[in-house]
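# Secondary and tertiary structure notes
Here are the chains, one letter per residue:
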Amino acid sequence: MTSSIRLALTLALSLAIVPAAFAAPPTKTGKTDKGSVLTDPKGMSLYTFDKDVDGKSACNGPCATNWPVLKAEASDAAADGYTIITRDDGSKQWAYKGKPLYTFAKDTKPGDITGDGFLNGAWHLAMP
């Protein structure tokens, strides 16, 4: 292989990797009565569930209706503590530090944290 072809291939590969390295995180940080929390792009508080283990969601069916997942798209890339898990139905969900992320259906506006401590303390605000 000539050096110019090798250089072109190296440059093309480098450019393909760069967008993933600089992907924006899937969450924002919002202020609540309990301090800073992770939020979805709309500013809604995010939660974690104690029954989720090893990056696997235990919240499916009716649970996921009450606790909508923070969905990941096929084009999304994991970075900076964020990973993408595959749910039982095959869809993708964002996780932070190994914990799948959810919103709560009863939170109606940014800053609401009504799900914190729900189900005998099994649901927690996701902290940055």
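Up top is the structure.
Residues numbered from 1 in each chain as written. Predicted model: local features only at pLDDT ≥ 70, side-chain atom pairs only at ≥ 80, totals over all residues. Heavy atoms only, no water.

### Describing the pairing of strand β5 (residues 92–96)
Let me state the cut-off plainly: Here the term buried applies to any residue with accessible area under 20% of the maximum for its type, exposed to any over 50%, and partly exposed to those in between, with areas from a 1.4 Å probe on protein chains only. The secondary structure listing takes helices from DSSP runs of H or I that are at least 4 residues long and strands from runs of E that are at least 2 residues long, numbered from the N terminus. When DSSP finds at least two bridges between two strands, those strands are taken to pair.
β5 sits mainly inside the fold: four of its five residues count as buried. Both strand β4 (residues 82–86) and β5 contribute to a ladder of five bridges, which runs antiparallel. By the bridge assignment, Ile 85 is partnered in β5 with Gln 93. Adjacent in sequence and paired antiparallel, β4 and β5 are bridged by five residues, among which Gly 90 carries a positive phi angle near 90 degrees. Sheet topology places β5 next to strand β6 (residues 99–100); two bridges connect them, and they run antiparallel. Across the sheet, residue Tyr 96 finds its bridge partner in β6, namely Lys 99. Connecting the antiparallel pair β5 and β6 is a turn made up of two residues, with Lys 97 showing a positive phi of about 50 degrees.

### With respect to the sheet that holds β6
With respect to topology, three strands assemble into an open sheet ordered β4-β5-β6, the strand pairing being antiparallel. Looking at strand neighbours, the two that pair on one side only are β4 and β6, the edges of this open sheet.

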